[in-house]
Amino acid sequence: MYEFTDAVDFYIGIIKALKSGIINPHSPLEEIVLKAGNDSFAYIDNRRDAKGKQGYDLWATAKNQCEDEEQFINWIKSREIAEKLLYSKSEQFPDFIFKVRKHEGKLICGSLLELKDSKSGSIASFNSTLPTKYKSLEEIDVINSKNLVSRVASIIDSKLSSERFYHTFERRCFYLVRTHAGKDDKVKISIVDGSFFETLPKEHLIYQMFLNILRAHIEKKEIKIPPETLTQLEKALSQVTDQTIIASSQIIEKASVRPRLRIMAEVHSEGNPHSSFYPEVSERSLNFIAGAPAYKKELAEAISQKIPEIEVFTIRHRRNGEHGVFQFLF
DNA sequence: ATCCTACGGGCCATTTCGCC
DNA sequence: GGCGAAATGGCCCGTAGGAT
């Protein structure tokens, strides 16, 4: 049992589901996740369709522990979950959270999973939530400006949610990425470690962005700003770190529109494992791609033991170094 | 000629606000 | 406290023009 166990189990789950034919490479990503994930989630963002379309009830286990429906509803309400939220589509970050586990006295797993589906070869844009390697539940609450996600997760994680570091321990972020969706000969699907996308702290990314905009204007208008002023500005702008504040629409005096600034992020091809940068990642493949320690020998052996036809190799991310790739061809 | 990337855009569900 | 409107968060598609 190690940090990546939940993601690896999930990867194996997808392969098994593909092999058995209950899903195919063109099934909706949500369906792939739910059919492969088999009761391993502590949070599902779209609980409405999970239940309605895929027959996956996040609350099934919790319900079974209650005597009847009424008792369950009362219990949920005592945990500050309104009944109408049980099966809603919350549109919060993230799409899925795996259950936490305890190993040698420490919390592990509980990884986050985001879905990105795209008809083209590039990864669908990130809107408002910049991709990172780790996030804690506490940070998720800040991103969402509410704590629905952590409330739901802690109910499903039941006893383990009272562990001391439950809300603060850093959880791995994984991204289930599909490119060339619908094209049978070109489609690629990968579970990608957030480290593939995050090569700089996101705070750095944000203020550099504002500085770039400023520089471009200075250049275009051919105006001179003393270097000291720019240094001061850089210092001031480095305080701009909170995407929630950035993304809220703003009231500008005398304006009858409220401008809204949302930071979206497009993945560079060096950060897209499906791009021509990484020719080793084949078409018609399902991959698990992660930085250290994922490609350590023990893990590779454990995976190969379960699914012998998986190929194991490494690719080199220009900025974040070696990443292990587990590849299954379909 | 074909592929790829950057950018712009459309659209919609849920949540919160604020009025009655 | 209920209700409609406004605010917010999110998804990913289409396309022009550059790269190969």
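Residues numbered from 1 in each chain as written. Chains lettered and ligands numbered in written order. Predicted model: local features only at pLDDT ≥ 70, side-chain atom pairs only at ≥ 80, totals over all residues. Heavy atoms only, no water.

**Q** Which residues make up the pattern of salt bridges, and what values go with them?
**A** What the rule picks out here adds up to 15 salt bridges. One salt bridge connects Arg284 with Asp184, and the closest N-O pair in it is separated by 3.2 Å. Separated by 100 residues along the polypeptide, Arg284 in the loop between strand E10 (264-265) and strand E11 (285-290) and Asp184 in the loop between strand E8 (171-179) and strand E9 (188-193) bring together distant segments of the chain. For Arg284, a relative accessible area of 26% translates into the label partly exposed. According to the relative accessible area criterion, Asp184 is partly exposed, its value standing at 45%. Residues Lys202 and Glu203 are paired through a salt bridge, measuring 3.6 Å at the closest nitrogen-oxygen approach. (Salt bridge = Lys/Arg side-chain N within 4 Å of Asp/Glu carboxyl O. Helix = DSSP H or I, 4+ residues; strand = E, 2+ residues; numbered from the N terminus. Buried < 20%, exposed > 50% of the residue type's maximum accessible area, 1.4 Å probe, protein only.)

**Q** Before we move on, can you summarise the protein's contact with DNA strand C with the specific residues and values?
**A** Around DNA strand C there are 20 residues in total, and Lys119, Asn127, Ser249, Arg258 and Arg262 lie nearest to it. Backbone atoms, meaning sugar and phosphate, form 63% of the atoms of DNA strand C found within 4 Å of the protein. At 2.9 Å from a phosphate oxygen of DNA strand C is found a main-chain nitrogen or oxygen belonging to Lys119. It is strand E5 (residues 112-117) that contributes the most residues to the surface near DNA strand C, three residues altogether. Looking at side-chain class alone, the surface near DNA strand C contains three nonpolar, eight polar and nine charged residues. (Near = heavy atom within 4 Å. Polar contact = N/O pair within 3.5 Å; in protein donor to acceptor, adjacent residues only side chain to side chain. Nonpolar A, V, L, I, M, F, W, Y, C, P; charged D, E, K, R; others polar.)

**Q** With reference to specific residues and values, describe a negative patch on the surface.
**A** Together, Glu67, Asp68, Glu69 and Glu70 make up a negatively charged patch on the protein surface. As for its placement among the helices and strands, Glu70 is situated in helix H5 (residues 69-78). (Patch = residues over 30% accessible without salt bridge, like charges linked within 9 Å, V, L, I, M, F, W, Y side chains within 5 Å. Areas by Shrake-Rupley, 256 points an atom, 1.4 Å probe, with all protein chains shown as cover. Lys, Arg positive; Asp, Glu negative; His and termini not counted. Charge placed at Lys NZ, Arg CZ, Asp CG, Glu CD.)

**Q** Can you lay out the nonpolar core for me, pointing to particular residues and giving the numbers?
**A** Formed by 84 residues in total, the largest nonpolar core has its most connected members in Ile14, Leu176 and Phe288. Take this core: its biggest share by element is nine residues, from helix H1 (residues 5-20). Once residues lying within four places of it in the same chain are set aside, the contact partners of Leu176 are Phe10, Ile14, Leu29, Val33, Leu113, Glu114, Leu115, Lys116, Ile189, Ser190 and Ile191. (Core = buried A, V, L, I, M, F, W, Y, C linked by side-chain atoms within 4.5 Å. Contact = heavy atoms within 4.5 Å.)

**Q** Go over the packing of aromatic side chains with me, naming the residues and quoting the values.
**A** Evaluation of the coordinates by the stated rule reveals 15 aromatic pairs. Ring geometry for Phe288 and Phe326: centres 6.1 Å apart, planes at 35 degrees, overall tilted. Here the residue Phe288 occupies a position in strand E11, and Phe326 occupies one in strand E13 (residues 321-329), the gap between them amounting to 38 residues. Comparing Phe288 with Phe326, the two get one shared label, buried. By way of ring pairs, the aromatic residues Phe4, Tyr11, Phe174, Phe288 and Phe326 are connected into one cluster. Arg171 extends its terminal NZ or CZ atom over the ring of Tyr166, reaching a point 5.2 Å from the ring centre. (Phe/Tyr/Trp six-rings, centres within 6.5 Å; stacked < 30°, edge-to-face > 60°. Lys NZ or Arg CZ within 6 Å of the ring centre and 35° of its normal.)

**Q** Summarise the protein's contact with DNA strand B; cite the residues concerned and give the values.
**A** Contacts to DNA strand B come from Arg48, Leu85, Lys89, Glu91, Lys146, Met264 and Ser269. Sugar plus phosphate: this is where 94% of the atoms of DNA strand B within 4 Å of the protein reside. One nitrogen or oxygen atom from the side chain of Arg48 is found 2.6 Å from a phosphate oxygen belonging to DNA strand B. The backbone of Lys89 places a nitrogen or oxygen atom 3.4 Å from a phosphate oxygen of DNA strand B.

**Q** Kindly report on the domain arrangement of chain A, identifying the contributing residues and their values.
**A** Domain assignment breaks chain A into domain 1 (2-45 + 90-197 + 267-329) and domain 2 (203-247). One C-alpha centre belongs to domain 1, the other to domain 2, and the line joining them spans 34 Å. Taken together, the contact pairs six residues of domain 1 with four residues of domain 2. Counting each side, the surface lost to burial between domain 1 and domain 2 is near 380 Å², with a carbon and sulfur contribution of 52%. In this structure, the connection of domain 1 to domain 2 is made through zero salt bridges. Joining domain 1 to domain 2, the criterion identifies zero residue pairs in polar contact (both at pLDDT 80 or more). (Domains from an automatic or database assignment. Buried area = accessible area lost by both parts, 1.4 Å probe.)

**Q** Now, about helix H8 (residues 202-221): what can you tell me, with residues and values included?
**A** Note that an α-helix has 3.6 residues per turn; residues three or four places apart therefore point the same way. For H8, built from 20 residues, the straight-helix expectation of 28 Å at 1.5 Å per residue is met to within 8% by its first-to-last C-alpha distance of 29 Å. Those residues of H8 not exposed but buried are Lys202, Ile206, Tyr207, Leu211 and Ile218. Where H8 is buried, its residues contact helix H9 (227-237) and helix H10 (243-247). Where H8 ends, the next residue or the one after it, Glu222, has phi of about 50 degrees, a positive value. (Expected span 1.5 Å × (residues − 1).)

**Q** So what about the pairing of E5? Which residues, and what values?
**A** With five of its six residues buried, E5 lies for the most part within the structure. Sheet topology places strand E2 (residues 96-98) next to E5; two bridges connect them, and they run antiparallel. Each residue of the ladder has a partner; that of Phe96, found in E5, is Leu113. Note: E5 against E8, six bridges, orientation parallel. Across the sheet, the residue bridging to Leu115 is Leu176, located in E8. (Pairing = 2+ DSSP bridges.)

**Q** Got a sec to walk through the side chain of Ser285? Specific residues and values, please.
**A** Within the element layout of this structure, Ser285 appears in strand E11. Taking relative accessible area as the criterion, Ser285 reaches 0% and is therefore assigned buried. Side-chain polar atoms of Ser285 contact the backbone oxygen of Ser282, separated by 2.6 Å. At 3.0 Å, the side chain of Ser285 forms a polar contact with the side chain of Asn287. Contacts of Ser285, omitting those with residues within four sequence positions, involve Val187, Lys188, Ile189, Gln327, Phe328, Leu329 and Phe330.

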